[in-house]
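Here is how the chains run, residue by residue.
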Amino acid sequence: MPSDDTNAPETRPGYRALLRNREFAGLYAGFTLTVGASTLSGFALGTLVDRSTGSPFLTAVSMYGATFATVLGATTLMSVADGSRPRRTLVALQCVALAGACAQALPGMPLAARFALLLLLGFFQSLNTGTRMGLLAEVVPASAYVPARSLMNITAGGTSVLGFTLGAVLLRHLTPQGLFLTAGALTAAALAVTAATVRERSVRPPRRPGLRETWTTNAALLSRGGPRALLVNLWVPNGLIVGCEALFIPYAGENAGVLLAAASGGMLLGDLTVGRLLTAAWRRRCAFPLRLLLAAPYLLFALHPPTPVAAVAVFVASAGFAATLPLQERLLALTPEQVRGQVQGVESAGRMTWQGIGAAIAGATAQVLSPTVTITALAAVSVCVTVASRPYVDRTGPLPVAPGSRRR
């Protein structure tokens, strides 16, 4: 159970020290394998849909549409993330993911069934994330939470890049169904690692997860100005800037790859710096400047800069995504222990959903305005949201404990 003793001197364990923690290593390895499996599965489904329909819209939805199903998980059954048997829950959810990957490998399945399965798996994936993050908050001490999230963020980005690359290579030798089976093998490995390394948290009080419990906790979360403002900062600015990134191809054409690579490099540098090098005090101080940094360089796009200048602006701006780490740390500190999994699951689901919303807003706006004007406008709105919500972020208070819940 993490300690929030603010009087104790802060220790910042390195990534190798974290990986010596058997439970964290298991959660981390399972997470990495799951991301890899999800990337391969999305790539396979996108390829299959593209070959079957030739529709760019359906292809994009097939690769990223599952993010919208996370909202349903966050608003219905996310309370399972804080149940009394989280290890059993996580293993069961991994089994569902394995069954889904294997089901997608079935030849001849109608596209409508594949999309329905995609949404169903997105729903359960949101519960998987909440359960995993709730366990993470118990497995590592409070001082190690941000480095742990940083390591997972860095690995998720790298694994996604490698997954798409590996998928492209494998498709030269395999069918999309073969790629689904490869994703299934990675999911099975994640299941085995999780089952072998994560122990049951027997100290958790008994709960009855369900719709009512989820709604009660969500209402408590959103009724407080401080946590609500933190969630706005975690969701909206990120989503709007992802919308900017979604316009790189229409903006830069054949040079879009340079901008996408710059964005990935900036995110990596930001997460590494904030998660590994900054103290908790400096993370708190840097959260607001980093959130401004996330959007401000995109205002240069109003001048339609050449690709090298645009790439530098994107690289610098993407380092601002690291503001997510101190904001998540602050949200965790404001959350009662018995609902940490649910709150982190809601945060993650909302962030992913807003990324999809941002891309949709950007695409729809760019149909009317130019990509240049749209990128600049989204960046300006992101800055305004960050500035307007700052006073509310500073007025934080602990979340109320849901009726009937018990403290440990």
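Computed from a prediction, not measured in an experiment: that's the story for all the values here.

(A) Geometry of the overall build of the protein chain. Scanning the protein chain from terminus to terminus reveals 17 helices and zero strands. Within the protein chain, contacts between residues at least 6 apart in sequence are counted, and of these 87% link residues at least 24 apart. Accessible surface computed for the protein chain: about 17,700 Å², of which carbon and sulfur atoms make up 68%.

(B) Quick peek at the environment of Gly-134. Mapped onto the secondary structure, Gly-134 falls in helix α6 (residues 111-139). The exposure class assigned to Gly-134 is buried, which follows from its relative accessible area of 2%. As a C-alpha pair, Gly-134 and Gln-338 span 204 residues in sequence and 9.2 Å in three-dimensional space.

(C) Seen up close, the pattern of salt bridges. This model, assessed by the stated rule, comprises three salt bridges. Between Glu-23 and Arg-199 there is a salt bridge, with the nearest N and O atoms lying 3.2 Å from each other. Placement of the pair is Glu-23 in helix α2 (residues 22-53) and Arg-199 in the loop between α8 (176-197) and α9 (211-223), with a sequence separation of 176 residues. For Glu-23, a relative accessible area of 12% gives the class buried.

(D) Summary view of the side chain of Ser-389. Inspection of the secondary structure assignment puts Ser-389 in helix α17 (residues 371-394). Within the structure, Ser-389 has its side chain in polar contact with the side chain of Asn-233 (distance 2.6 Å). Residues contacting Ser-389, with those up to four places away along its chain left out, are Ala-229 and Asn-233.

(E) Layout of the packing of helix α4 (residues 66-76) against α9. Where α4 meets α9, the closest approach of the two axes is 7 Å, and the angle between their N-to-C directions is 95 degrees. If you check the angle between α4 and α9, you find them roughly perpendicular. Counting all contacts with α4, which are made through Ala-74, Thr-75 and Thr-76, the residues of α9 involved are Leu-211, Thr-214, Trp-215 and Asn-218. Classifying every residue of the contact of α4 with α9 gives three nonpolar, four polar and no charged.

(F) Representation of the nonpolar core in the model. Counting 48 residues, the largest nonpolar core has Ile-241, Leu-259, Tyr-298, Phe-301, Val-314, Leu-331 and Ile-375 as its most contacted members. Element by element, the count of residues in this core is highest for helix α10 (residues 225-245), at 10 residues. The contacts of Ile-375, once residues within four sequence positions are left out, are Cys-244, Leu-247, Tyr-251, Tyr-298 and Phe-301. Core analysis: the second largest hydrophobic core is formed by 30 residues, Phe-24, Leu-27, Ala-144 and Ile-154 among them.

(G) A look at helix α13 (residues 280-295). Helix length check: α13, at 16 residues, gives a terminal C-alpha distance of 23 Å against a target of 22 Å (1.5 Å per residue), a fit within 8%. If you look at α13, its biggest bend is around 40 degrees, right at Cys-286, and the proline Pro-289 turns up within four residues after that. The complete set of buried residues in α13 reads Ala-280, Arg-283, Ala-287, Leu-290, Arg-291, Leu-294 and Ala-295.

(H) Region of the structure containing the packing of helix α5 (residues 86-104) against α6. α6 packs onto α5 with a crossing angle of 155 degrees between their chain directions and a minimal axis gap of 9 Å. Between α5 and α6, the angle falls in the class roughly antiparallel. Both α5 and α6 take part in a crossing whose hand is left-handed. Side by side, α5 and α6 meet where Pro-86, Thr-89, Leu-90, Leu-93, Gln-94, Val-96, Ala-97, Gly-100, Ala-103 and Gln-104 of the first sit next to Arg-114, Leu-117, Leu-118, Leu-121, Phe-124, Leu-127, Asn-128, Thr-131, Arg-132 and Leu-135 of the second. The class makeup of the residues in the contact of α5 with α6 is 12 nonpolar, six polar and two charged.

(I) How the structure looks around the packing of aromatic side chains. For the structure on display, the rule yields four aromatic pairs. Centroid distance Tyr-251 to Phe-301: 5.0 Å. Interplanar angle 50 degrees. Geometry classified as tilted. Highlighted residues: Tyr-251 in helix α11 (residues 248-252) and Phe-301 in the loop between α13 and α14 (307-318), separated in sequence by 50 residues. As far as burial versus exposure is concerned, Tyr-251 and Phe-301 are alike and both buried. Among the aromatic residues, those joined into a cluster by ring pairs are Tyr-251, Tyr-298 and Phe-301. Lying across the ring of Trp-282, Arg-285 places its NZ or CZ 5.0 Å from the centre.

(J) Structural view of unusual backbone geometry. Unlike most non-glycine residues, His-304 shows phi in positive territory, near 50 degrees. Here His-304 is to be found in the loop between α13 and α14.

(K) Fine view of the environment of Pro-391. Of note, Pro-391 is situated in helix α17. Along the sequence, Pro-391 and Gly-225 sit 166 residues apart, while their C-alpha atoms lie 10.0 Å from each other.

(L) Here's a closer look at the side chain of Gln-94. Checked against the element boundaries, Gln-94 lands in helix α5. Here Gln-94 falls in the buried class, since its relative accessible area comes to 1%. A polar atom in the side chain of Gln-94 sits 2.8 Å from the side chain of Arg-132. For Gln-94, the residues in contact, after removing those within four places along its chain, are Thr-34, Asn-128, Arg-132, Thr-187, Ala-190 and Leu-191.

(M) Representation of a nonpolar patch on the surface within the structure. Together, Leu-269, Val-312, Phe-315 and Val-316 make up an exposed nonpolar region whose accessible area comes to about 310 Å². Top element by residues in the nonpolar patch is α14. It accounts for three residues.

(N) Inspection of the confidence of the model for the protein chain at higher detail. Summarising the model, the protein chain shows a mean pLDDT of 82, and 89% of its residues fall at 70 or more. Across the protein chain, α14 holds the top mean pLDDT of 93, while helix α3 (residues 56-64) sits lowest at 64. Counted against residues more than four places away or in other chains, residues 1-9, with its pLDDT under 50, gives 13 contacts.

Quick notes on the rules
- Within each chain, residues carry numbers counting from 1 in the order of the written sequence.
- For this predicted model, a pLDDT threshold of at least 70 governs which residues receive local features, and a threshold of 80 or more governs which side-chain atom pairs are given and counted, while totals over whole chains, interfaces and linings are taken from all residues.
- Think of the side-chain values as coming from all heavy atoms in the structure, minus any hydrogens and water.
- We count a stretch as a helix when DSSP gives it H or I for four or more residues in a row; a strand needs E for two or more, and each element gets its number in order from the N terminus.
- Should any heavy atoms of two residues lie within 4.5 Å, those residues are considered in contact.
- For the area figures, the Shrake-Rupley method with a 1.4 Å probe applies, and any residue is considered shielded solely by the protein chains shown.
- Three labels apply to residues, based on accessible area from a 1.4 Å probe with only protein chains included: buried if under 20% of the type maximum, exposed if over 50%, partly exposed otherwise in between.
- What counts as a salt bridge is simple: a side-chain nitrogen of Lys or Arg found within 4 Å of a carboxyl oxygen of Asp or Glu.
- Two N or O atoms count as a polar contact when they lie within 3.5 Å, although within protein this holds only if one can serve as hydrogen donor and the other as acceptor, and sequence-adjacent residues are included solely when both atoms are side-chain atoms.
- Axis definition: a line fitted to C-alpha atoms, over the contacting stretch in the case of helices. Angles run 0 to 180 degrees between N-to-C directions.
- Orientation is classified from the angle alone, with under 35 degrees giving roughly parallel, over 145 giving roughly antiparallel, 65 to 115 giving roughly perpendicular, and any other angle giving oblique.
- When residue character is reported, Ala, Val, Leu, Ile, Met, Phe, Trp, Tyr, Cys and Pro are called nonpolar, Asp, Glu, Lys and Arg charged, and the others, Gly included, polar.
- The nonpolar core is taken to be a set of buried Ala, Val, Leu, Ile, Met, Phe, Trp, Tyr and Cys residues, with the residues joined through side-chain atoms within 4.5 Å.
- Helix span is expected to be 1.5 Å times the residue number reduced by one.
- Here the bend at a residue means the angle between the axes of two seven-residue stretches, the one that ends at it and the one that starts at it.
- Take the far helix as your reference; a near helix turned counterclockwise from it by less than a right angle gives a left-handed crossing, and one turned clockwise gives a right-handed crossing.
- Pairing of aromatic side chains requires ring centres within 6.5 Å, counting the rings of Phe and Tyr and the six-membered ring of Trp. Pairs whose planes differ by under 30 degrees are stacked, by over 60 edge-to-face, and all others tilted.
- Charge-over-ring contacts are defined here by two conditions on Lys NZ or Arg CZ: a distance within 6 Å of the ring centre and an angle within 35 degrees of the ring normal.
- For patch building, the residue pool is restricted to those with more than 30% relative accessible area and no salt bridge; the joining distance is 9 Å between like charges and 5 Å between nonpolar side chains (Val, Leu, Ile, Met, Phe, Trp, Tyr).
- As a per-residue quantity, pLDDT reports the predictor's confidence and falls between 0 and 100.

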